[in-house]
Amino acid sequence: NAGVTQTPKFRVLKTGQSMTLLCAQDMNHEYMYWYRQDPGMGLRLIHYSVGEGTTAKGEVPDGYNVSRLKKQNFLLGLESAAPSQTSVYFCASSYKGTGGSSNQPQHFGDGTRLSIL
Amino acid sequence: QQPVQSPQAVILREGEDAVINCSSSKALYSVHWYRQKHGEAPVFLMILLKGGEQKGHEKISASFNEKKQQSSLYLTASQLSYSGTYFCGTPANFNKFYFGSGTKLNVKP
């Protein structure tokens, strides 16, 4: 019963470095999401995907790219890390959409704590 | 489009009740509630789909008034295990989702 697994759990980067965060789910969910969580600001949607091969921008997409080549995996990339991207990143998945006729709950991974110096 | 939550923080003694509110300037079609304990992932509590609908989870229940564009979460006879940050969230156009900024609940013995 792995659910949603995020790797790595912690990472420290220097400004300008690049890295990829991996999210894997084993629940056969169609939808996947990347959020960032900063103190006092709740969770903000970065990018999301409604199915394999499709991605879309969320509320705060600048500085990030994503890919969903396989249904079970959703990758978040930082091409040139900046101190403003220091945050806790959460991946989530849902069976179908969260609204409309679907109204599915989201299942979250344990998060990746990323510090950029 | 982020919903607004109030209060930002609540301190309770075990056995006391609390209410957390969530409101939006945009029309609400459904409201989702999550709880996040310190250092952990958010965990789903419930979804409210219809105006006036109430649902429950243990001694935690919620109401949804779509006319007033708001939802309230009721925590009855709070337990130490209820401590954490509570988030409401709402789906938006094109499969986006917006969370409120959270309400931190601290239940003391």
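Trainee: So what's going on with the environment of Gly15 of chain B? Residues and values would help.
Mentor: Looking at where Gly15 of chain B falls in the secondary structure, it is placed in the loop between β2 (9-13) and β3 (18-23). In this structure Gly15 of chain B touches Ala77 and Ser78 of chain B, once residues within four positions along its chain are discounted.

Trainee: I'd like a rundown of the sheet that holds strand β7 (residues 64-67) of chain A, residues and numbers included.
Mentor: Within a sheet, adjacent strands bond to each other through the backbone by hydrogen bonds, running parallel or antiparallel. Residues and elements named next belong to chain A. Spatially, the 4 strands line up as an open sheet ordered β1-β3-β8-β7, and their pairing is antiparallel. Each edge of the open sheet carries a strand with a single partner, namely β1 (4-7) and β7. Pairs of neighbouring strands in the sheet enclose a mean axial angle of 20 degrees, with direction left out of account. Pairing geometry for β1 and strand β3 (residues 19-25), over 4 bridges, is antiparallel. In the strand pairing of β3, Thr5 is matched with Ala24.

Trainee: Help me get a handle on the interface of chain B and chain A, residues and values and all.
Mentor: With 22 residues of chain B at the interface, the matching set in chain A holds 25 residues. Approximately 1800 Å² of surface area, both sides summed, lies buried where chain B meets chain A, with 57% of it carried by carbon and sulfur atoms. When the area that chain B buries against chain A is broken down by residue, the three leading residues are Asn95, Phe97 and Phe99 of chain B, summing to 28%. Between chain B and chain A we count 0 salt bridges in total. Every element with two or more residues in the side of chain B that touches chain A is listed here: β4 (31-36), β5 (42-48), β9 (84-91) and β10 (97-99) of chain B. For the side of chain B that touches chain A, the residue count by class is 12 nonpolar, 8 polar and 2 charged.

Trainee: Please set out the state of the cysteines residue by residue, giving values where relevant.
Mentor: Residues and elements named next belong to chain B. Applying the stated criterion across every chain, the model contains 2 disulfides over all chains. Across the disulfide, Cys22 is cross-linked to Cys88 (sulfur-sulfur distance 2.1 Å). In this structure the cystine formed by Cys22 and Cys88 twists about its S-S bond by roughly 75 degrees; its chirality is therefore right-handed. Of this pair, Cys22 sits in strand β3 while Cys88 is found in strand β9, placing the two residues 66 residues apart along the sequence. Cys22 gets classed as buried once you look at its relative accessible area, which sits at 1%. Judged by its relative accessible area of 0%, Cys88 falls in the buried class.

Rules of the game
Residues numbered from 1 in each chain as written. Chains lettered and ligands numbered in written order. Predicted model: local features only at pLDDT ≥ 70, side-chain atom pairs only at ≥ 80, totals over all residues. Heavy atoms only, no water. Helix = DSSP H or I, 4+ residues; strand = E, 2+ residues; numbered from the N terminus. Contact = heavy atoms within 4.5 Å. Pairing = 2+ DSSP bridges. Axes fitted to C-alpha atoms, helices over the stretch in contact; angles between N-to-C directions. Buried area = accessible area lost by both parts, 1.4 Å probe. Salt bridge = Lys/Arg side-chain N within 4 Å of Asp/Glu carboxyl O. Nonpolar A, V, L, I, M, F, W, Y, C, P; charged D, E, K, R; others polar. Disulfide = S-S within 2.5 Å. Buried < 20%, exposed > 50% of the residue type's maximum accessible area, 1.4 Å probe, protein only.

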